[in-house]
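Residue strings, one per chain:
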Amino acid sequence: MAAPQTPAQASKKALLSRVDLDGHALPPSPAPSSPHPGARRYALATELVYTDSKDQYGASSIPIYQSATFKQTSSSGGNEYDYTRSGNPTRTHLERHMAKIMNANRALAVGSGMGALDVITRLLKPGDEVITGDDLYGGTNRLLTYLKNNQGVIVHHVDSTNVDRVKEAITDKTAMVLLETPTNPLIKIVDIVSIARISHEANSKALVVVDNTMLSPMLLNPLDLGADIVYESGTKYLSGHHDIMAGIIACNNPELGDKMYFTINSTGCGLSPNDSFLLMRGVKTLAIRMERQQSNAQRIAEYLEEHGFKVRYPGLKSHPQYDLHWSMARGAGAVLSFETQDVALSERIVEAARLWGISVSFGCVNSLISMPCRMSHASIDAKTRQERQMPEDIIRLCVGIEDVEDLIDDLRNALIQAGAITFTIDDIHAKNVDGEESSSSAA
Ligand SMILES: *Cc1c(COP(=O)(O)O)cnc(C)c1O
């Protein structure tokens, strides 16, 4: 009689036994949807567009498998897909693509960016400590406060732009160090490389988690800088059109990937087939969108700075952490903020803008303007906002792909109408003469 199979042999056999839609051999569902290291062959702009799915009809765009269940060929089941909560071909295709784009071994697609953080924070147990920044996305702050109040998780908010503050806070109970860079709306830069190193040195079990929503894999790969897990809101740059909610999680450690997949399969927060399709479509244009949004943002940041406003944007040499940002990232992104020193004035500017839609969020093809303290960050109470030195008058601009002259023109009109800059003869020139800048100055 043949020797019994070892588990490794058995799983190898299972792996060889099935060829999925994309031509990859996989064990039955639930199987890792992105089990291969994300070794990229081409430049990112190419990889974003290039997919090698082997659809049975050769469809150039992966079909939407709008089906909750999949028929099995034997009474004991075991086909690659059986139930969409556990796995769906459209979601799998997206997850493999994202793993490649994010230089990850495994990517997981869920219903929103906050859904992604929910899955990640379910790795925590009562008594675990989390170290995080003091200028967090409002929803992140809300979820961490919930975990603190209801799940016995201890949360330390420190100035994460100061590596020493993070180092001081690490203990043997630190289970997670959660970072965002640039922060929003204060556009503070966090040193992922140093924090990952000191965190792992001080506590080998601590997981360094990075929210990469602000830069996207186009501009930053936190896993390459020492992070254990990266997540992004797919609602923003990845999809690019503000027509879906989605979240992506990526990591290189297969065990971590399996643990998070377990939560997704248990709670049912995996991204729907239809939204997986839309995210897949959106992400193909990430490079061209981001390039345009970024160059527009640079021009607008320079325009505002020339007019005497305090502008926060890592594309400006005046940014106090300019060098740190560029040591990690390939671009400055397309979110910037500026201050007017007057809340009522800021409100008038935001309301006077026409091309710039008043909306929370960013990463969309059209440009948006908002007052974070009134909108996206309103869930952080006024006292905490003050403690974290968040200026109440701060205006956030999320720059889209429109013609940059139109964007500057609309902003100039809003600034004049609100009384933030004075109307001069140059403004008329700026409207009529191509490329000529207004010489009016901030009030
Ligand atoms: C929007 C956003 C999230 C949350 O993503 P949703 O898709 O809205 O749930 C998390 N982090 C940052 C930095 C964000 O901008």
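Just so we're clear, the structure is a prediction, and the values are computed from it rather than from any experiment.

### Details of the sheet that holds strand E5 (residues 207–211)
At step 1: Pairing within the open sheet is mixed, and its seven strands lie in the order E1-E7-E6-E5-E4-E2-E3. What marks the edges here is a single partner per strand, and that holds for strand E1 (106–110) and strand E3 (154–157). Here the average twist between neighbouring strands, direction ignored, is 20°.
At step 2: In the sheet, E1 pairs with strand E7 (residues 247–251) via five bridges, with the strands oriented antiparallel.

### So, the sheet that holds strand E9 (residues 335–339)
At step 1: Sheet architecture is open: five strands sit in the order E8-E9-E12-E11-E10, paired in mixed fashion. A single partner strand is all that each edge strand has here, and the edge strands are strand E8 (310–312) and strand E10 (357–358).
At step 2: Inspection of the sheet shows E8 paired to E9 by three bridges, in the antiparallel sense. Bridge pairing links Val 311 to Phe 338 in E9.

### Looking at the UniProt feature "modified residue: N6-(pyridoxal phosphate)lysine" (unreviewed entry) in the chain
At step 1: In the UniProt entry, the feature "modified residue: N6-(pyridoxal phosphate)lysine" (unreviewed entry) is given for Lys 236.
At step 2: With respect to the helices and strands, the residue Lys 236 is situated in helix H9 (residues 234–238).
At step 3: Using a relative accessible area of 7% as the deciding quantity, one classes Lys 236 as buried.

### Examining the pattern of salt bridges
At step 1: On inspection of all chains with the given rule, the structure shows 10 salt bridges.
At step 2: Notably, a salt bridge pairs Asp 134 with Lys 188, separated by 3.2 Å at the nearest N-O pair. With Asp 134 in the loop between strand E2 (129–132) and helix H5 (138–150) and Lys 188 in the loop between strand E4 (174–180) and helix H7 (192–202), this pair connects stretches of sequence that are 54 residues apart. Here Asp 134 and Lys 188 have matching classes, each one buried.
At step 3: The partner of Glu 405 in a salt bridge is Arg 299, with the nearest N and O atoms 3.2 Å apart. Remark: Arg 299 occurs in helix H12 (residues 286–306) and Glu 405 occurs in helix H16 (residues 404–418); sequence separation between them is 106 residues.
At step 4: Sharing partners across several salt bridges, the network here consists of Asp 134, Asp 159 and Lys 188.

Calculation criteria
Residues numbered from 1 in each chain as written. Predicted model: local features only at pLDDT ≥ 70, side-chain atom pairs only at ≥ 80, totals over all residues. Heavy atoms only, no water. Pairing = 2+ DSSP bridges. Helix = DSSP H or I, 4+ residues; strand = E, 2+ residues; numbered from the N terminus. Axes fitted to C-alpha atoms, helices over the stretch in contact; angles between N-to-C directions. UniProt positions renumbered as here; feature names shortened; annotations may be inferred. Buried < 20%, exposed > 50% of the residue type's maximum accessible area, 1.4 Å probe, protein only. Salt bridge = Lys/Arg side-chain N within 4 Å of Asp/Glu carboxyl O.

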